[in-house]
Amino acid sequence: MKLYDYSAAPNPRKVRIFLAEKGLDYDLVQVDMAKGEHKSPEFLKKNPSGKVPVLELDDGRFLSESIAICRYLEAVYPEPNLFGKDAYELGHIEMRNRVMETELWPQIGVSWVNGPIVAKMGIYKQIPEAKEVSDVNVNNYYERLDKEFAHSEYVAGVRFTIADITLITAIDFARTSVGLKPDESLTNLWRWHALVSSRDSVDEITAPKK
Ligand SMILES: N[C@@H](CCC(=O)N[C@@H](CS)C(=O)NCC(=O)O)C(=O)O
């Protein structure tokens, strides 16, 4: 297997963590997004959306979309289980993962595309008011998560799942690249962050350097 990656990007990191949890060997291919390699005709053949991650299977087929890639990997390599074992758990973990994906990630995305790093690239029209609103939304969401982690060890309950991978990659990207670090007073959120960050799969190799 080959994973087309960009080390600073949060979506490929989801898959790197997932692969590490499963203990799988794979080749890592860096796609230099700073040079626009993800929009090259050759890469667009692998993923017409021009985004990383992309997984190339040994038979030459390609999969994109981080969670779709993880679902494929879970189907082929079921242990350790990260998506749910019985009907309720499958639904519950899916629900918690989708909540992180649909409620938090897009808000961080708005702050990112309207923030200083993307502004320098000159590829998106900047809307500072949009960032003001999304910054507030992200910080409010951190407060909500802090309350949830008062009663729940992990995002989907008592064990580490795909939903934790979706959240840790979002928060680490937000705090290191978007200037949205959760406030120190959110001790339940930071307790969860330390717990998840202590896993080998979520270590320095896959974590943002800052
Ligand atoms: N929903 C996709 C999002 C992939 C994505 O947006 N990847 C970013 C890097 S983290 C990217 O390649 N962005 C380039 C672009 O949007 O043009 C997934 O989960 O894989």
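Fair warning: this is a prediction, and the values are worked out from it, not measured in the lab. (Residues numbered from 1 in each chain as written. Predicted model: local features only at pLDDT ≥ 70, side-chain atom pairs only at ≥ 80, totals over all residues. Heavy atoms only, no water.)

What about the packing of helix 1 (residues 10-22) against helix 3 (residues 66-76)?
Right, on to step 1. It is the contact of helix 1 with helix 3, at a shortest axis distance of 9 Å, that shows an interaxial angle of 15 degrees. Taken as axis vectors, helix 1 and helix 3 run roughly parallel relative to one another. Considering the relative orientation of helix 1 and helix 3, their crossing is right-handed. Between helix 1 and helix 3, the residues in contact are N11, K14, V15, F18, L19 and K22 and S66, I67, I69, C70, L73 and E74, respectively. (Axes fitted to C-alpha atoms, helices over the stretch in contact; angles between N-to-C directions. Helix = DSSP H or I, 4+ residues; strand = E, 2+ residues; numbered from the N terminus. Parallel < 35°, antiparallel > 145°, perpendicular 65-115°, else oblique. Left-handed = near helix turned anticlockwise from the far one by under 90°. Contact = heavy atoms within 4.5 Å.)

Describing the site of the ligand
Right, on to step 1. K39, K51, V52, E65 and S66 are the nearest of the 14 residues found near the ligand.
Right, on to step 2. Here N11 contributes a side-chain N or O atom positioned 3.3 Å from an oxygen atom of the ligand.
Right, on to step 3. Here V52 contributes a backbone N or O atom positioned 2.8 Å from a nitrogen atom of the ligand.
Right, on to step 4. Burial of the ligand by the protein chains amounts to 76% of its free accessible area of 510 Å².
Right, on to step 5. The element that contributes the greatest number of residues to the shell around the ligand is helix 1, accounting for 4 residues. (Near = heavy atom within 4 Å. Polar contact = N/O pair within 3.5 Å; in protein donor to acceptor, adjacent residues only side chain to side chain. Areas by Shrake-Rupley, 256 points an atom, 1.4 Å probe, with all protein chains shown as cover.)

Overview of the nonpolar core
Side chains of a nonpolar character, in soluble globular proteins, are inclined to be buried together.
Right, on to step 1. Formed by 46 residues in total, the largest nonpolar core has its most connected members in L73, Y142, L145, L167 and W192.
Right, on to step 2. Sorting the residues of this core by element identifies helix 1, helix 3, helix 4 (87-113), helix 6 (128-148), helix 7 (162-177) and helix 8 (187-197) as the ones contributing at least two each.
Right, on to step 3. Looking at which element gives the most residues to this core, the answer is helix 7, with 9 residues.
Right, on to step 4. Domain assignment of the residues forming this core places at least three in each of domain 1 (2-76) and domain 2 (87-202).
Right, on to step 5. With residues up to four places along the chain from it excluded, the contact list for L73 reads M1, V15, F18, L19, L24 and L55.
Right, on to step 6. In terms of nonpolar packing, the next biggest core, distinct from the first, is built from 5 residues, Y4, V31, F43 and V54 among them. (Core = buried A, V, L, I, M, F, W, Y, C linked by side-chain atoms within 4.5 Å. Buried < 20%, exposed > 50% of the residue type's maximum accessible area, 1.4 Å probe, protein only. Domains from an automatic or database assignment.)

A look at the domain arrangement of the protein
One widely used convention gives an interface's size as the accessible area the parts lose upon coming together.
Right, on to step 1. Taken as a whole, the protein is organised into domain 1 (2-76) and domain 2 (87-202).
Right, on to step 2. Using C-alpha coordinates to define each centre, domain 1 is positioned 21 Å away from domain 2.
Right, on to step 3. Taken together, the contacts link 12 residues of domain 1 with 15 residues of domain 2.
Right, on to step 4. Taken together, both faces of the contact between domain 1 and domain 2 bury some 1,200 Å²; the carbon and sulfur share is 65%.
Right, on to step 5. Run the count over domain 1 and domain 2 and you get 3 salt bridges.
Right, on to step 6. A salt bridge links E21 to R199; its shortest N-O distance comes to 2.8 Å.
Right, on to step 7. At the junction of domain 1 and domain 2, the tally comes to 4 residue pairs in polar contact (both at pLDDT 80 or more).
Right, on to step 8. Among the elements of the structure, helix 1 and helix 3 are those that each provide at least two residues to the side of domain 1 that touches domain 2.
Right, on to step 9. Broken down by element, the side of domain 1 that touches domain 2 gets its largest block of residues, 8 residues, from helix 1.
Right, on to step 10. In the side of domain 1 that touches domain 2, the residues fall into 7 nonpolar, 1 polar and 4 charged. (Buried area = accessible area lost by both parts, 1.4 Å probe. Salt bridge = Lys/Arg side-chain N within 4 Å of Asp/Glu carboxyl O. Nonpolar A, V, L, I, M, F, W, Y, C, P; charged D, E, K, R; others polar.)

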